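Descriptive structure summary
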Amino acid sequence: MLLTLCASASIAFADPQAARLRSFSIEGDAIKASLTGRPGDPARGAQLMQQRQKSLCVLCHSGPFADPHLQGTIAPSLAGVGVRLTAGQLRLRIVDMKRLNPQSIMPTYYGTLPNGRDARVAAAWRGKPILTAEEIEDLVAYLQTLR
Ligand code: HEC
């Protein structure tokens, strides 16, 4: 797996449609600060992880979740990921894996396509991230418990 690490960058959203996204800073391969300024709730994160219609995580990833026979195997298993990656590393990977691997098939969960590049995004989803900042933090808190 080839990971290209980004240099430090500060993201600001000039597009008013994207203004609902909170700004965040990337340091190395991590977003160290919580997007909400608070820790997430691991129990809510565990539920979200298994929601096949919303988070979609288990379409690609396997791990210590319900219904192992329905879990995807096209992405690394998330078993033990809380040992391999820090909270900040987990956060950047869920926010936008494409910053580390532009070819990644993992969806960008906290971002929007700029106007003009969003023609194939359904109107109801334009200008909105797939998950909220709170939901990202819940997932980070849950994945840290996978040890
Ligand atoms: C369409 C498939 C797909 C979906 C859906 C998906 N991922 Fe991924 N994910 C990947 C792939 C592929 C990788 C391997 C990294 C890469 O793409 O270079 C990955 C990597 C990761 C990693 C890093 C794992 C490691 O050991 O380095 C984490 C953490 C992660 N995903 C969490 C999630 C979470 C949480 C969700 C749901 C919110 C999710 N992923 C949804 C495909 C997916």
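Our structure is the block above this text.
Residues numbered from 1 in each chain as written. Predicted model: local features only at pLDDT ≥ 70, side-chain atom pairs only at ≥ 80, totals over all residues. Heavy atoms only, no water.

Let's talk about the overall build of the chain
On a plain count of helices and strands, the chain comes out with 5 helices and 2 strands. Beginning at the N terminus, the succession of helices and strands in the chain can be written as β-β-α-α-α-α-α. With 147 residues in all, the chain has 40% of them scored as buried. Carbon and sulfur atoms provide 57% of the accessible area of the chain, an area that totals close to 8,400 Å². (Helix = DSSP H or I, 4+ residues; strand = E, 2+ residues; numbered from the N terminus. Buried < 20%, exposed > 50% of the residue type's maximum accessible area, 1.4 Å probe, protein only. Areas by Shrake-Rupley, 256 points an atom, 1.4 Å probe, with all protein chains shown as cover.)

Some details on the pattern of salt bridges
Scanning the entire structure with this criterion turns up 8 salt bridges. Note that arginine 22 and glutamate 134 form a salt bridge whose closest N and O atoms lie 2.9 Å from each other. Placement of the pair is arginine 22 in the loop between strand 1 (9–10) and strand 2 (25–26) and glutamate 134 in helix 5 (residues 133–144), with a sequence separation of 112 residues. Taking relative accessible area as the criterion, glutamate 134 reaches 30% and is therefore assigned partly exposed. Residues arginine 93 and aspartate 29 are paired through a salt bridge, measuring 2.8 Å at the closest nitrogen-oxygen approach. Linking arginine 93 in helix 4 (residues 87–96) with aspartate 29 in the loop between strand 2 and helix 1 (42–49), this pair joins segments that are 64 residues apart in sequence. (Salt bridge = Lys/Arg side-chain N within 4 Å of Asp/Glu carboxyl O.)

Topic: the packing of aromatic side chains
Overall, the coordinates contain 2 aromatic pairs when judged by the stated rule. Centroid distance phenylalanine 24 to tyrosine 110: 6.4 Å. Interplanar angle 50 degrees. Geometry classified as tilted. Placement of phenylalanine 24 in the loop between strand 1 and strand 2 and of tyrosine 110 in the loop between helix 4 and helix 5 is noted, with a sequence separation of 86 residues between them. Like phenylalanine 24, the residue tyrosine 110 is buried in the burial classification. With 6.3 Å between their ring centres and 50 degrees between their planes, phenylalanine 65 and tyrosine 142 make a pair best called tilted. (Phe/Tyr/Trp six-rings, centres within 6.5 Å; stacked < 30°, edge-to-face > 60°.)

Here we look at the coordination of the iron atom of the ligand
Each donor-metal-donor angle would ideally measure 109.5 degrees in four-coordinate tetrahedral geometry, or 90 or 180 degrees in six-coordinate octahedral geometry. Coordination sphere of the iron atom of the ligand, protein contribution only: His61 (NE2) and Met106 (SD), at 2.0 to 2.2 Å. One can describe the donor arrangement at the iron atom of the ligand as octahedral, given that its 6 donor atoms subtend angles of 87 to 178 degrees at the metal. Taken together, the residues histidine 61 in the loop between helix 2 (57–60) and helix 3 (81–84) and methionine 106 in the loop between helix 4 and helix 5 connect sequence positions 45 residues apart. Neither histidine 61 nor methionine 106 differs from the other in exposure class; each is buried. (Donors = N, O, S within 2.8 Å, 3.2 Å for Na, K, Ca; no water. Tetrahedral: all angles 85-135°; square planar, octahedral: opposite > 155°, others 65-115°.)

Some details on helix 5
Between the first and last C-alpha of helix 5 there are 17 Å, a value that for 12 residues agrees with the 16 Å anticipated at 1.5 Å per step. Taken as a whole, helix 5 has its buried residues at Ala133, Glu135, Ile136, Glu137, Asp138, Leu139, Val140, Ala141, Tyr142 and Leu143. Along its buried surface, helix 5 packs onto helix 1, helix 3 and helix 4. (Expected span 1.5 Å × (residues − 1). Contact = heavy atoms within 4.5 Å.)

Thoughts on the environment of serine 25
Its place among the elements puts serine 25 in strand 2. Measuring from C-alpha to C-alpha, the distance between serine 25 and leucine 92 comes to 9.6 Å, with 67 residues separating the pair along the chain.

Quick notes on the side chain of glutamate 135
Relative to the assigned elements, glutamate 135 resides in helix 5. A residue is classified by how much of its surface remains accessible, and glutamate 135, at 18% relative accessible area, is buried. A polar contact of 2.9 Å, which involves the side chain of glutamate 135, links it to the backbone nitrogen of threonine 132. Once you skip the residues sitting within four places of it in the chain, glutamate 135 turns out to touch Leu48, Lys54 and Ile130. (Polar contact = N/O pair within 3.5 Å; in protein donor to acceptor, adjacent residues only side chain to side chain.)

The values reported here are purely geometric and, on their own, carry no functional implication.
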